[in-house]
Amino acid sequence: MKTLGVHLQYSFDPSAQQGAQVRNPLFDLLWAVRENGSIQHAAKALGLSYRHVWGSLKQWQDVLGEPLVSWTQGQPARLTPFAERLVWAETRARTRLTPHIEALRVELERALAEARDGDQHVLTVYASHDLALPALRELASRQQRLHVELRFAGSVDALRALAEGRCLIAGFHVPPLPDSPKLFAQALKPLLKPGQHKLIGFSRRAQGLMVAPGNPLAVRTLADVVRSGARFVQRQTGSGTRLLTDHLLHEAGLPADALSRSEQAAEDSHLAVAAAIASGLGDVGMGIEAAAQAFGLAFVPLAEEDYFLVCLKDALDHPAVLKLRAVLGSADWQQTLQDVPGYQPLSIARSGEVLSLTRALPWWHFRQPKASVAPLGLLPAG
């Protein structure tokens, strides 16, 4: 068996790139054959000649030492089992690493921007994975010359980054629950302090079950997932989606370990969960509608949730934060939300509006501690 190395490279491109785009011509070619059923139609879809595609396939087969496409007279061209495994393995790996690759791209872009213009404002944001945030980053750059250094982390880890001074803005999401949701309160209350933190309206989005096209297992709730024994692709501990999953299980009277886990390790993003399901490594997972659509999956909505940005009260007047709020309040941002499946503006406020914790999170029951018990501003125990 041949030993093959993988080499990565990047380039500077004068065109405006939307997010991290890691591509390889081999996988573009294999996906085109898979989706079109013939080399001729694949060549047409790629805007290439039949001869070029055929020659590329033969060249890649020589490099990899494995056949990639099989077909018989009168039958559609099909990827070989090896090629099928290869395209899905590459898709999962690329999807899982996209947030990290994006962080590298943003860091390099920041260095380039600072070298060309030292006056450009830079805003570091740690945030729970979201498909609208990269669009906000691009809009902020165009509208305000604001460079948003976006780093994805779970909701809890993002809030910890804010508490530790590693960012000026953090992003997290919670369902609009009027009563005290124990799991969310336990995870988030120690990291959000009324009077010290201020929320900034971002969006409302739908979360639900991502399943194979047509929903063959006919799952409509997490209880259905448990009863069916479907393989569930889980999110990482500390993510807002993991908290929501555990909350919904608790509401249904089911234990946190009731779901039949897939052999796939917990994933760090909605897109990675969707990729695992699309590749057959799992049957169902929690995620947002936009991620399901990106991989051609069916989506069963279970809950709406509010996505907030949060900063320290003293940071509200920071020039970079003011610019970000201006972008969020723009008509372009409202249109962006309408264009992302499953997203809409917040119902309790306009995007960019500053909110108090107790207004936005009605379950955050805060009582001022007595001076004799604890200094003003400390959270009560529990």
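Residues numbered from 1 in each chain as written. Predicted model: local features only at pLDDT ≥ 70, side-chain atom pairs only at ≥ 80, totals over all residues. Heavy atoms only, no water.

(A) How the structure looks around helix H6 (residues 155-163). For H6, the complete set of buried residues consists of Ser 155, Val 156, Ala 158, Leu 159, Ala 161 and Leu 162. Where H6 is buried, its residues meet strand S3 (121-127), strand S5 (169-174), helix H7 (182-188), strand S6 (197-211), helix H9 (240-251) and strand S10 (298-312). Downstream of H6 by a residue or two, Gly 165 has a phi angle that is positive, lying close to 75 degrees. (Buried < 20%, exposed > 50% of the residue type's maximum accessible area, 1.4 Å probe, protein only. Helix = DSSP H or I, 4+ residues; strand = E, 2+ residues; numbered from the N terminus. Contact = heavy atoms within 4.5 Å.)

(B) Looking closely at the pattern of salt bridges. Under the counting rule described, the total for this entry stands at 14 salt bridges. As a salt-bridge pair, Glu 138 and Arg 137 come within 2.8 Å of each other at their nearest N and O atoms. Here Glu 353 makes a salt bridge to Arg 359, at a shortest N to O gap of 3.2 Å. Linked by salt bridges that have partners in common, Asp 130, Arg 205 and Glu 305 make up one network. (Salt bridge = Lys/Arg side-chain N within 4 Å of Asp/Glu carboxyl O.)

(C) Looking closely at the confidence of the model for the chain. Within the chain, residue pLDDT values average 85, and 87% of them lie at 70 or more. Note on residues 369-382: pLDDT under 50 across the span, and 12 contacts to partners over four residues away in sequence or across chains. (pLDDT = per-residue confidence, 0-100.)

(D) Local environment of the packing of helix H1 (residues 25-36) against helix H3 (residues 50-64). Viewed as axis vectors pointing N to C, H1 and H3 meet at an angle of 120 degrees, and their least axial separation amounts to 11 Å. In this structure, the crossing between H1 and H3 has a hand that is left-handed. Here Leu 26, Leu 29 and Leu 30 of H1 lie close against H3, whose contacting residues are Val 53, Ser 56, Leu 57, Trp 60 and Leu 64. When the residues that make up the contact of H1 with H3 are grouped by side-chain class, the tally is seven nonpolar, one polar and no charged. (Axes fitted to C-alpha atoms, helices over the stretch in contact; angles between N-to-C directions. Left-handed = near helix turned anticlockwise from the far one by under 90°. Nonpolar A, V, L, I, M, F, W, Y, C, P; charged D, E, K, R; others polar.)

(E) Highlighting the environment of Leu 191. Secondary-structure assignment places Leu 191 in the loop between H7 and S6. Spatially, the C-alpha atoms of Leu 191 and Arg 160 are 6.9 Å apart, while their sequence positions differ by 31 residues.

(F) Fine view of the packing of helix H5 (residues 133-144) against helix H12 (residues 319-328). Here H5 crosses H12 at 105 degrees, and the two axes come no closer than 10 Å. Considering their axes alone, H5 and H12 lie roughly perpendicular with respect to each other. Contacts between H5 and H12 involve Leu 136, Leu 139, Ala 140, Gln 143 and Gln 144 from the first element and Lys 323, Leu 324, Ala 326, Val 327 and Leu 328 from the second. Taken together, the residues that form the contact of H5 with H12 break down as seven nonpolar, two polar and one charged. (Parallel < 35°, antiparallel > 145°, perpendicular 65-115°, else oblique.)

(G) Representation of the environment of Leu 159 in the model. Mapping Leu 159 onto the fold places it in helix H6. Given a relative accessible area of 1%, Leu 159 falls into the buried group.

(H) Spotlight on the nonpolar core. Among the nonpolar cores identified, the biggest contains 43 residues, and Leu 188 and Leu 361 are the most heavily contacted of them. Contacts of Leu 361, omitting those with residues within four sequence positions, involve Val 174, Leu 192, Leu 199 and Phe 308. Ranked by size, the runner-up nonpolar core spans 42 residues in total, among them Val 148, Ile 277, Tyr 307 and Val 340. (Core = buried A, V, L, I, M, F, W, Y, C linked by side-chain atoms within 4.5 Å.)

(I) Summary view of unusual backbone geometry. With phi around 50 degrees, Asn 215 is a residue other than glycine that occupies positive phi space. Position of Asn 215 relative to the elements: it lies in the loop between S6 and helix H8 (222-228). You will see that Ala 218, though not glycine, has its phi angle at about 55 degrees, which is positive. Mapped onto the elements, Ala 218 comes out in the loop between S6 and H8. Look at Ala 218 and you get exposed, because its relative accessible area is 52%.

(J) Broad picture of the side chain of Gln 234. Structurally, the position occupied by Gln 234 is in the loop between strand S7 (231-233) and H9. Here Gln 234 falls in the buried class, since its relative accessible area comes to 5%. Not counting the four nearest positions on each side in its chain, Gln 234 is found in contact with Arg 242, Thr 245, Leu 259, Arg 261, Ala 266, Glu 267 and Val 273.

(K) Here's a closer look at the side chain of Thr 241. Mapped onto the secondary structure, Thr 241 falls in helix H9. For Thr 241, a relative accessible area of 0% translates into the label buried. Of the polar contacts made by the side chain of Thr 241, one reaches the side chain of Gln 207; its length is 2.8 Å. Excluding its chain neighbours within four sequence positions, the residues that come into contact with Thr 241 are His 173, Gln 207, Arg 235, His 270 and Met 286. (Polar contact = N/O pair within 3.5 Å; in protein donor to acceptor, adjacent residues only side chain to side chain.)

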